[in-house]
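Results of the structural survey
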Amino acid sequence: MKCSYCLIIGMILCLTSCQDNSTSTTVLDLLHSPVTTNVTNSFTYSIDAKQYSDNSYNDLSFLSDSLVVTLSSSSYLSGQAIISVSDSSNATIFSDTVRSNKTIAIAHLKTTKPRHCRLNITNLTAKLAFVIAGQ
């Protein structure tokens, strides 16, 4: 019986002396991380950003040269996002800079097939959604 008490006390001491010094991702970090979908003929990027900065480069796979492009920024407070889409020869198909609340929708955009999407985001606090889809 005495051995059981010592074991229980030892386990309690062990568990109470543990500390979490990890730098793991918190739920708030995940809530403010971008969500990207990149499939054939479609690319989406959305984020509820809080002082978020990132440079991302995405290879695209489009079979269509007729596109629908939407860009929406709401709850804007600060920062900027530069979005550009280019073709295989790096010619710009679409480009815009977000520095305020805005909504852009372009239907039936006839162009060359998109191959790359760059997002340069600096200290952005806003809800941002960008979609490009083939028709």
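This text goes with the structure placed above it.
Residues numbered from 1 in each chain as written. Predicted model: local features only at pLDDT ≥ 70, side-chain atom pairs only at ≥ 80, totals over all residues. Heavy atoms only, no water.

1. Quick word on the pattern of salt bridges
- Applying the stated rule across the entire model yields three salt bridges.
- Across the pair Asp 48 and Lys 50 runs a salt bridge whose closest N-O atoms are separated by 3.4 Å.
- We classify Asp 48 as partly exposed; its relative accessible area is 26%.
- Here Asp 96 makes a salt bridge to Lys 102, at a shortest N to O gap of 2.8 Å.
- Classification of Asp 96 as buried rests on a relative accessible area of 15%. (Salt bridge = Lys/Arg side-chain N within 4 Å of Asp/Glu carboxyl O. Buried < 20%, exposed > 50% of the residue type's maximum accessible area, 1.4 Å probe, protein only.)

2. Section: the nonpolar core
- By size, the foremost hydrophobic cluster in this structure holds 24 residues, and its most contacted members are Phe 43, Tyr 45, Val 85, Cys 117, Leu 128, Phe 130 and Ile 132.
- Within the residue set of this core, elements represented by two or more residues are strand 2 (42-59), strand 3 (66-86), strand 4 (92-98) and strand 6 (116-134).
- Residue contributions to this core peak at eight residues, all from strand 6.
- Each residue touching Leu 128, except ones within four places of it in the same chain, is listed here: Tyr 45, Ser 46, Ile 47, Leu 71, Ser 72, Ser 73, Ala 81, Ile 83 and Val 98. (Core = buried A, V, L, I, M, F, W, Y, C linked by side-chain atoms within 4.5 Å. Helix = DSSP H or I, 4+ residues; strand = E, 2+ residues; numbered from the N terminus. Contact = heavy atoms within 4.5 Å.)

3. Things to note about the packing of aromatic side chains
- Counted by the stated rule, this structure contains two aromatic pairs.
- Through successive ring pairs, a cluster of aromatic residues spans Phe 43, Phe 94 and Phe 130. (Phe/Tyr/Trp six-rings, centres within 6.5 Å; stacked < 30°, edge-to-face > 60°.)

4. Some details on the environment of Ser 100
- Within the secondary structure, Ser 100 sits in the loop between strand 4 and strand 5 (102-110).
- Residue class for Ser 100 comes out partly exposed when judged on its relative accessible area of 33%.
- It is 9.9 Å that separates the C-alpha atoms of Ser 100 and Ser 72, two residues lying 28 residues apart in sequence.
- If sequence neighbours within four positions are ignored, Ser 100 has contacts with Ser 73 and Tyr 76.

5. Looking at unusual backbone geometry
- Positive phi is not limited to glycine here, since Asn 41 has a value of about 70°.
- Among the secondary structure elements, Asn 41 is positioned in the loop between strand 1 (35-39) and strand 2.
- Accessibility expressed as a relative area gives 22% for Asn 41, which makes it partly exposed.
- Phi is positive for His 108, which is not a glycine, with a value near 60°.
- With respect to the helices and strands, His 108 occurs in strand 5.

6. Examining the pairing of strand 3
- In terms of strand pairing, strand 3 meets strand 5 through seven bridges, oriented antiparallel. By the bridge assignment, Ser 66 is partnered in strand 5 with Lys 110.
- Examined bridge by bridge, strand 3 and strand 6 share 16 bridges and lie antiparallel to one another. In the sheet register, Ala 81 faces strand 6, and the bridge partner there is Ile 121. (Pairing = 2+ DSSP bridges.)

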